[in-house]
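A look at the structure
Chain by chain, the residues:
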Amino acid sequence: MTDPRRRLPSVDALLKTPAVVRLLETQPRNLVVAAVRDALAAARSGQASEPFDWDGEISERVASRAASSLSPVLNATGVVLHTNLGRAPLAAAALDAVVAIGRGYSNLELDVATGARGSRLDHCAAVLAEITGAETGFAVNNAAGALVLALNGLAAGREVVISRGELIEIGGSFRIPDILVKSGAELREVGTTNRTHLADYERALSDRTGAILVVHRSNFSMAGFVSSPPVAELGRLAAARGVPLIHDVGSGLLVDLADFGLQGEPLVPAATATADLVIFSGDKLLGGPQAGCIVGRRRWVAPLTRNPFARALRTDKLTLAALEATLALYRDRATALRDIPVLRMLTTDEATLRQRAERLAAGLPSGAADLQPGSSAVGGGSFPDAALPTTVVAVDPGPRGAAALALTLRLGTPAILTRVESGRVILDPRTLDPAEIDLVAGAVTAALRAE
Ligand SMILES: *Cc1c(COP(=O)(O)O)cnc(C)c1O
């Protein structure tokens, strides 16, 4: 019996074949050697079929190793804040700031007036205060980190009073009770899952209390026999007892979107008026880079900047550049709604979405798709009950079926993410840039023709 594995060439022999020699003229040697080893390993394990196409195998493996792992995708799902797709796309002004700061040196930790060392935490302080109405603020790596920092700084070794109805899981193993304990604080739960009253908080406060914590139930809503005291009442109680009130609002909503049918998320400026510390994400409704903002009264914020967790969770200069530039857009409401992609997508009117859906459908083979009324989702654990009316393009996938067409689109370059519903591939123009519509139409057409 002949064992094909015995006949495998050596690495050196493969590196001398004309096709591989040509690859070596344009590609780094280490990359080509790694690709040759990959190809040999595949042949040895019997995964590849005989006769083995060495040239093809090696050049494919060079290409796949050379491609970036992190790459852009087109979002046709209609989910605006899609955590798997990187949440908020950045505004042009934020991208410009990233390039300006990233390509050279900056005053990241320098006070240029004195030449002395400065703090990176100061860069967003002024604009955070201006936009949120808080006395001061700073940003760390993300909101989960900001919460750990705040709890550790204000309540390590002491009790944190929180309603049982707010002991929630945000996702990705981020559970409020676990975070609280990891931060060094003790959990003091009050009330019940559905109802917590001011008197419950009052009874729980003692000289062991480090803070009262209110967490926005971001990703779900409770209806029926439910109640919790207004945060303003908790603020008065906290002030009377001299303990800080921390409000984790989650999404970082800075402009009221009620005119667009979006209600129920706490507005940051309203939260800063009632709580001592307000915590929110940079890359949810705020529409900026991944970050966790902490704003509030100087008395409670200032000690946090000196906490070791502030160093452990510090933000990169590129994040600070993008965050400051995004926040600056909020100085004018109309500018924010137009220039911040998340807000623009959430507030695009139905007629515009319909036109885009028509243009997308017109670029597909005739009869392959029709327009349907649909709904987009905000995503990212924000406005969980909102269904934003839109017009979707429902594509008939042909005999291969919807899952196969969706897979082909995901594996394309760029990858296109869609929804599959009732045997159709659904394309929602809300989360596509107008400039991406023709690209998507072309890719779907090519995928349908390749059947
Ligand atoms: C999303 C969310 C967080 C976590 O924010 P990240 O920036 O993703 O770490 C924390 N709290 C609430 C209420 C949230 O909605």
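The rules behind each value
Residue positions within a chain follow its written sequence, with the count starting from 1. Given that this is a predicted model, residues contribute local features only at a pLDDT of at least 70 and side-chain atom pairs are listed and counted only at 80 or more, while totals for whole chains, interfaces and linings are drawn from all residues. For the side-chain quantities, the full set of heavy atoms in the structure was used; hydrogens and water were omitted. Only DSSP runs of H or I covering at least 4 residues are called helices, and only runs of E covering at least 2 are called strands; the numbering of each starts at the N terminus. Should any heavy atoms of two residues lie within 4.5 Å, those residues are considered in contact. A 1.4 Å probe and the Shrake-Rupley method give the accessible areas. Residues count as covered only by the protein chains that appear here. Positive charge is attributed to Lys and Arg, negative charge to Asp and Glu, and no charge count is given to His or to the chain ends. To locate a charge, take NZ of a lysine, CZ of an arginine, CG of an aspartate or CD of a glutamate. At least two DSSP bridges between two strands are needed for those strands to be called paired. What counts as an axis is a line fitted to C-alpha atoms, over the stretch in contact for a helix, and the angles between N-to-C directions run from 0 to 180 degrees. Note that the domain bounds reflect an automated or database-derived domain assignment. Each of two parts loses accessible area, computed with a 1.4 Å probe, when they are put together; buried area is these two losses added. Throughout this description, the term salt bridge denotes a Lys or Arg side-chain nitrogen within 4 Å of a carboxyl oxygen of Asp or Glu. N or O atoms within 3.5 Å of each other form a polar contact, as long as, within protein, one can give a hydrogen and the other can take it, and as long as residues adjacent in sequence are counted only when both atoms are side-chain atoms. One heavy atom suffices: a residue is near a molecule or strand as soon as one of its heavy atoms comes within 4 Å of it. Both cavities and pockets are sets of points on a 1 Å grid over the protein atoms alone; in a cavity a 1.4 Å probe fits but cannot get out, in a pocket the set is open with protein on both sides within 12 Å along at least five of seven lines, and lining residues sit with an atom within 4 Å of a point. Molecules are considered to sit inside a cavity or pocket once more than half of their atoms lie within 2 Å of its grid points. A helix's residues, less one, multiplied by 1.5 Å, set its expected span. Relative accessibility thresholds used throughout: buried, under 20% of the residue-type maximum; exposed, over 50%; partly exposed, between the two (1.4 Å probe, protein chains only). Two aromatic rings from Phe, Tyr or Trp, using only the six-membered ring of Trp, form a pair when their centres are within 6.5 Å; if the ring planes differ by under 30 degrees the pair is stacked, by over 60 it is edge-to-face, and anything between is tilted. In our convention, an over-ring charge means Lys NZ or Arg CZ found within 6 Å of a ring centre and within 35 degrees of that ring's normal. Grid points are joined across faces, edges and corners, and a volume is the space filled by probe spheres set on the points. We call Asp, Glu, Lys and Arg charged. Ala, Val, Leu, Ile, Met, Phe, Trp, Tyr, Cys and Pro are nonpolar, and the rest, Gly among them, are polar. Side-chain atoms within 4.5 Å are what join buried Ala, Val, Leu, Ile, Met, Phe, Trp, Tyr and Cys residues into a set we call a nonpolar core.

Tallying secondary structure elements over the protein chain gives 19 helices and 16 strands in all. Intrachain contacts of the protein chain at a sequence separation of at least 6 include 73% that bridge at least 24 residues. Accessible area of the protein chain: about 21,600 Å², with a carbon and sulfur share of 51%. Each charge class in the protein chain was averaged separately, 46 positive and 47 negative side chains, and the resulting centres sit 5 Å apart.

Take the sheet that holds strand β8 (residues 209–215) next. Judged by pairing direction, the sheet is mixed, and its seven strands sit side by side in the order β5-β11-β10-β9-β8-β6-β7 without closing on themselves. Strands with a single pairing partner mark the edges of an open sheet, and in this sheet they are β5 (136–140) and β7 (186–190). Across the sheet, the axes of successive neighbouring strands diverge by a mean angle of 25°, strand direction being ignored. Alignment of β5 against strand β11 (residues 292–296), held across five bridges, turns out to be antiparallel. The residue of β11 that forms the bridge with Gly137 is Val295. Strands β5, β10 (277–281) and β11 of the sheet are contacted by helix α6 (residues 125–132), whose axis makes an angle of about 115° with β5. Against the sheet, helix α10 (residues 231–241) touches β8 and β9 (245–250), its axis set at about 155° to β9.

A separate point is the environment of Asp122. With respect to the element layout, Asp122 can be found in the loop between β4 (116–117) and α6. Counting along the chain gives 14 residues from Asp122 to Thr136, while the straight-line C-alpha distance between them is 9.4 Å.

Another point: the domain arrangement of the protein chain. A common way to express how large an interface is: the accessible area buried when the components associate. Domain boundaries assigned for the protein chain yield domain 1 (10–66), domain 2 (73–81 + 344–449) and domain 3 (92–339). Every contact between the two is made by 13 residues of domain 2 and, on the other side, 18 residues of domain 3. Of the roughly 1,200 Å² buried at the junction of domain 2 and domain 3 (both faces included), carbon and sulfur atoms supply 66%. Per-residue buried area on domain 2 facing domain 3 is highest for Arg344, Thr347 and Phe383; these three make up 45% of the total on that side. Put simply, domain 2 and domain 3 have zero salt bridges between them. Counting across the interface, domain 2 meets domain 3 through five residue pairs in polar contact (both at pLDDT 80 or more). Ranked by the residues each element gives to the side of domain 2 that touches domain 3, the list is headed by helix α16 (residues 341–347), at three residues.

With that settled, the discussion passes to the site of the ligand. Taken together, Arg87, Asn142, Ala143, Ala144, Ile170, Phe174, His216, Ser218, Asp248, Gly250, Ser281 and Lys284 are the residues near the ligand. Note that an oxygen atom of the ligand is positioned 3.0 Å from one of the backbone N or O atoms of Ala143. Contact between the ligand and Ser281: an oxygen atom at 2.5 Å from a side-chain N or O atom of the residue. With respect to the pocket detection grid, the ligand is positioned in the second largest pocket.

Now for helix α3 (residues 29–44). For α3, with 16 residues, the first-to-last C-alpha span of 22 Å sits near the 22 Å given by 1.5 Å per residue. Those residues of α3 that fall on the buried side of the exposure criterion are Leu31, Val32, Val33, Ala34, Ala35, Val36, Ala39, Leu40, Ala42 and Ala43. Against α1 (11–15), α2 (18–26) and α4 (54–66) lie the buried residues of α3. Once α3 ends, the next one or two residues include Gly46, with phi positive near 75°.

Attention now goes to the packing of aromatic side chains. On inspection of all chains with the given rule, the structure shows one aromatic pair. Plain terms: the ring middles of Phe52 and Trp54 are 4.2 Å apart, the flat faces sit at 70° to each other, and that makes the pair edge-to-face. The same class applies to Phe52 and to Trp54, which are both buried. Geometry around Phe225 places Arg195 over its ring, the cationic atom sitting 3.8 Å from the centre.

Once that is clear, we can look at the layout of surface pockets. In this approach, a probe sized like a water molecule rolls over the atoms, and the result shows the empty space that is left. Looking at the largest pocket, its volume works out to about 850 Å³. Contributing to the lining of the largest pocket are 30 residues, with Val73, Leu85, Pro89, Leu90 and Glu436 lying nearest its centre. Classifying every residue of the lining of the largest pocket gives 17 nonpolar, six polar and seven charged. Counting contributing residues per domain, the lining of the largest pocket is built from domain 2 (73–81 + 344–449) and domain 3 (92–339), each supplying no fewer than three. For the second largest pocket, the calculated volume is near 300 Å³. Around the second largest pocket sit 18 residues that line it, and Arg87, Ala144, Ile170, Ser281 and Lys284 are the ones nearest its centre. Every element with two or more residues in the lining of the second largest pocket is listed here: α7 (143–155) and β9. Split by residue class, the lining of the second largest pocket holds six nonpolar, eight polar and four charged.

Turning next to the pattern of salt bridges. If you walk through the whole model with that rule in mind, you get 19 salt bridges. In this structure, the salt-bridge partner of Arg117 is Glu109, at a minimum N-O distance of 2.6 Å. A residue is classified by how much of its surface remains accessible, and Arg117, at 68% relative accessible area, is exposed. A relative accessible area of 24% places Glu109 in the partly exposed class. In this structure, the salt-bridge partner of Glu358 is Arg354, at a minimum N-O distance of 3.2 Å.

Counting 54 residues, the largest nonpolar core has Leu257, Phe280, Tyr330 and Leu346 as its most contacted members. Each of domain 2 (73–81 + 344–449) and domain 3 (92–339) gives at least three residues to this core. The residues contacting Leu257, other than those within four sequence positions of it, are Leu262, Leu337, Leu343, Leu346, Thr347 and Phe383. Among the nonpolar cores identified, the runner-up in size contains 32 residues, and Phe138, Val160, Ile246 and Ile279 belong to it.

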